[in-house]
Amino acid sequence: MKKAFQKMSLTIFLLSTTLIAACTQPLSAMESNQTASIAANNIKGPLDAKEVEAFADQLFAEKMKKFNVNGSNFVVVRDGKVLVNKGYGFANKEKKIPVDKDTVFQIASVTKTFTATAVLQQVDAGKIDLHRNVEEYLGGLKISNKTGKPLTLFDMLTYTSGFDLPDITTFTGPQYIKQNISMDKFLSENNLPTVVRPPGEVYTYDNTGFLLAGYAVEKASGMSFDEYMDKKVFKPLGMTSSSVLLKPELLKRMAAHYGPNGKPQPIEGLNPTVAPDGSILSTGEDMAKYLIMQLQNGKFNGKEIVSQKSMDLMHSYQFFAEKDIPLTTVGGFENLYREQANGQHVVFKGGNMPGHGSLIVLIPEQKTAFYMSYNNDSEMRSDIFKEFMDHYFPEKEKAEPVYLPLSEGDAQKYIGLYQNTRGFWIRTSIAYENGSLLLEDATSGKQKLRMIHPLLFVDEEGNKIAFKEEKNGTIQYFYYSTLNNVSHAVAYSQKMDGKQTYSDVSDSSSYKTYISNVSALSIMGAKTGSKFDPTGTMTQGEFIDALFKARGWYGLAGGEDKNRQQLTASIPDFNLSAPISRQAAVVMIQTLKQLEPVATSKVKLQDTADAWAKDAITTLSSQGIVDPDTKISADGSFTFRAKDSLKRQEASALIDLAFGYHSLPIKW
């Protein structure tokens with residue numbers, strides 16, 4: 001669970017020594033012979049413990065170096081037995097403490113699969129119905145819903161709740177380490193998001209839904225969530241080193257946290273303290289038992305932890321972007337690395353806390369699973385997953401799809417500006433050119449899209465884009481399944497309404513496109529009634545609010561105060577209610593963007609600006625981020641009117657040019 005989004009859940013039951021040995025020792029000689037027999041029959045997958053360990057040793061040595069990871073653990077389970085349970089590198093590099101099977105990691109959003117397990121236990125007990133209005137299980141807590149369709153736990157566990165701001169719950173930070181904040185207290189002090197899309201309609205990665213799912217377990221069971229997990233999940237599984245709380249005895253064994261640069265960073269706690277969306281601590285030893293239970297259809301050591309019916313829901317995809325693009329199960333599992341699964345039925349869940357990353361992978365039909373955690377939050381897990389699948393489950397050659405032609409007329413329903421329903425800063429433009437769609441955004445650049453069928457396209461790198469067609473034939477959403485960049489793959493993107501017109505903005509205005517774009521993205525809108533007030537001024541506070549929306553920070557948990565302080569500190573004599581000057585606006589944008597001047601652009605500011613603003617003005621101007629009324633001459637000279645008050649239309653242009661990703665010609 002990353003800090004930007006999620007700012008983003010096991011004690012005491014000792015198994016007998018015999019069982020622990022069975023779970024952790026290599027295969028016996030007899031079992032090795034059985035393994036050889038299986039291999040002779042061409043059964044895929046990891047079979048021999050020594051071979052798996054040798055493969056993992058080489059793999060982790062390579063990938064930890066590539067991703068600057070100091071320490072990692074790795075667990076592989078096959079058909080009820082642990083083949084590998086090993087640590088690599090250092091839990092604490094400075095103190096030379098190695099990672100082993102008992103090293104504790106924050107598994108972050110992998111917690112969601114445990115929360116789903118708890119919910120399904122309550123379903124098995126007849127205390128929860130996945131398809132009833134979730135408010136029946138929230139102890140009187142009400143959820144604002146503008147759709148008319150009740151929100152259910154089925155929707156929440158498949159990441160299709162329809163919340164407008166799916167990450168406003170659960171804050172992270174070092175300050176929460178020693179605090180104890182209950183979900184009751186947290187939910188009473190923080191506003192819940194609103195359901196703005198019909199539940200079940202589109203996938204949007206959702207921390208709020210899983211927080212509330214855990215809260216429903218509390219209310220249905222009559223136990224606090226941490227008590228419930230200890231009694232109903234961790235103890236039956238013998239997960240003695242796992243907890244939803246930062247217990248002192250576990251903190252002593254926790255791997256240190258590191259940034260991408262390899263430097264240590266502080267451990268972060270959560271608010272609420274017990275966070276069903278991401279607060280579990282665990283070890284390789286404990287997670288091996290969890291994997292075995294998952295692969296044994298909910299049973300462990302002869303006891304049923306969850307019914308097979310419920311486990312089927314956890315392991316089978318319930319929501320699809322397209323018939324061949326499964327996305328989510330009812331278990332919190334997802335399929336972001338679908339193209340790397342080599343045709344296997346795989347369900348998995350990743351998790352991130354600042355300085356820790358995790359991944360759990362289940363291949364149920366092959367009775368195989370693995371788990372890993374490591375002490376930075378890079379994407380090393382993606383490489384490990386790909387190499388594991390290529391080694392043990394290589395894919396047969398796939399036939400090249402047949403691409404269909406696309407006429408300009410048929411392309412019209414796709415064309416427009418889209419915004420990611422979770423990562424609000426991800427804006428994508430789609431246009432048409434010479435028989436293909438053209439996609440552009442900041443993460444993928446420009447991509448030509450070829451059509452397989454009217455709702456499925458492929459970009460130049462082989463990534464698939466699935467469009468969602470409404471009953472009236474219009475296109476309102478797409479899902480972009482990228483391999484190298486998962487930013488799109490955590491949610492659908494929604495087409496923005498660019499048809500907003502204002503009585504005081506003429507079609508001939510050089511600002512019309514900018515005003516339409518910021519309006520479509522709800523960054524700026526009408527000042528009064530149907531009027532945009534293009535030549536009106538803005539206060540410094542209003543401009544900061546617009547920047548937060550443009551940056552995609554509105555509605556994100558945590559960090560807003562720090563970001564606001566950064567912006568206000570960049571302006572001398574800051575005053576929320578004072579009009580913002582053009583130079584102050586540019587400095588705020590540069591504070592967020594941190595752009596470098598274009599070396600080939602020799603811009604020369606001709607008029608007066610304060611010393612604290614000159615670099616920002618020339619840098620943004622060299623990047624072409626200027627309003628239409630600022631003309632840069634052939635020799636690079638220009639007049640900026642730095643100390644004039646910023647007009648609303650000028651703000652729309654600067655914001656759209658700095659934060660928008662739609663240079664393609666869109667016709668609204």
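Rules used throughout
Residues numbered from 1 in each chain as written. Predicted model: local features only at pLDDT ≥ 70, side-chain atom pairs only at ≥ 80, totals over all residues. Heavy atoms only, no water. Helix = DSSP H or I, 4+ residues; strand = E, 2+ residues; numbered from the N terminus. Buried < 20%, exposed > 50% of the residue type's maximum accessible area, 1.4 Å probe, protein only. Areas by Shrake-Rupley, 256 points an atom, 1.4 Å probe, with all protein chains shown as cover. Pairing = 2+ DSSP bridges. Axes fitted to C-alpha atoms, helices over the stretch in contact; angles between N-to-C directions. Patch = residues over 30% accessible without salt bridge, like charges linked within 9 Å, V, L, I, M, F, W, Y side chains within 5 Å. Salt bridge = Lys/Arg side-chain N within 4 Å of Asp/Glu carboxyl O. Lys, Arg positive; Asp, Glu negative; His and termini not counted. Charge placed at Lys NZ, Arg CZ, Asp CG, Glu CD. pLDDT = per-residue confidence, 0-100. Contact = heavy atoms within 4.5 Å.

## Considerations on the overall build of the protein chain
Each helix and strand counted, the protein chain has 20 helices and 26 strands in total. The buried share among the 668 residues of the protein chain stands at 58%. Taken as a whole, the protein chain presents about 27000 Å² of accessible surface, with 49% of it coming from carbon and sulfur.

## Notes on the sheet that holds strand E20 (residues 445-453)
What the 8 strands build is a closed barrel, ordered E17-E18-E19-E20-E21-E22-E23-E24; its pairing is antiparallel. Sheet twist, expressed as the mean angle between neighbouring strand axes with direction ignored, is 30°. As paired strands, strand E17 (residues 416-420) and strand E18 (residues 427-433) are joined by 4 bridges and run antiparallel to one another. Bridged to Tyr 418 within E18 is Thr 428.

## Quick look at a positive patch on the surface
On the surface, a cluster of positive charge is made up of Lys 127, Lys 231, Lys 232, Lys 235 and Lys 303. Sorting elements by how many residues they give to the positive patch places helix H9 (residues 225-237) first, with 3 residues. Along the chain, the position of Lys 127 falls in the loop between helix H5 (111-124) and helix H6 (153-157).

## Details of unusual backbone geometry
Residue Pro 272 is bonded to the preceding Asn 271 through a cis peptide linkage, with omega at 5°. Residue position: Pro 272 is located in the loop between strand E8 (269-271) and strand E9 (281-282). For Asp 79, which is not a glycine, the phi torsion comes out positive at approximately 50°. Checked against the element boundaries, Asp 79 lands in the loop between strand E1 (71-78) and strand E2 (81-92). Positive phi is not limited to glycine here, since Gln 594 has a value of about 55°. Along the chain, Gln 594 falls in the loop between helix H18 (582-593) and strand E25 (604-605). Classification of Gln 594 by relative accessible area gives exposed; the value is 55%.

## So, the confidence of the model for the protein chain
Per-chain confidence: the protein chain averages 88 in pLDDT, with 89% of residues scoring 70 or above. Note on residues 663-668: pLDDT under 50 across the span, and 23 contacts to partners over four residues away in sequence or across chains.

## As for the sheet that holds E1
With antiparallel pairing, 6 strands are arranged side by side in an open sheet as E3-E2-E1-E16-E15-E14. Each having just a single partner strand, strand E3 (97-98) and strand E14 (347-353) make up the two edges of the open sheet. Note: strand E15 (residues 356-363) against strand E16 (residues 368-374), 7 bridges, orientation antiparallel. From the neighbouring strand, Ile 363 faces E16, where its bridge partner is Thr 368. The strands touched by helix H4 (residues 49-66) within the sheet are E1, E2 and E16, with E2 carrying the most contacts at an inclination of about 25°.

## Remarks on the pattern of salt bridges
Evaluated as defined, the whole model comprises 27 salt bridges. Across the salt bridge formed by Glu 339 and Arg 338, the nearest N and O atoms sit 2.3 Å from each other. Arg 338 shares its class with Glu 339; the two are buried. A salt bridge links Glu 650 to Arg 641; the shortest N-O distance between them is 3.6 Å. A relative accessible area of 4% places Glu 650 in the buried class. The exposure class of Arg 641 is partly exposed, given its relative accessible area of 23%. Several salt bridges share partner residues, and in doing so they unite Glu 62, Lys 63, Lys 66, Asp 383 and Glu 387 into one network.

## Describing the pairing of E1
Looking along a regular strand, one sees the side chains alternate between the two faces of the sheet. Most of E1 is tucked away, with 8 of its 8 residues classed as buried. Of the two faces of E1, the one holding Gly 71, Asn 73, Val 75 and Val 77 and the one holding Ser 72, Phe 74, Val 76 and Arg 78 are both buried throughout. Pairing analysis gives 8 bridges linking E1 to E2, with the strands arranged antiparallel. Paired with Val 75 across the strands is Asn 85, a residue of E2. Connecting E1 to the next strand, E2, in antiparallel fashion are 2 residues, including Asp 79 with a positive phi near 50°. In terms of strand pairing, E1 meets E16 through 7 bridges, oriented antiparallel.

## Overview of the pairing of strand E12 (residues 319-322)
Looking at chain direction, E12 and strand E13 (residues 325-328) are connected through 3 bridges and run antiparallel. Paired with Glu 322 across the strands is Ile 325, a residue of E13. The antiparallel pairing of E12 with E13 creates a hairpin that spans 2 residues between the two strands.

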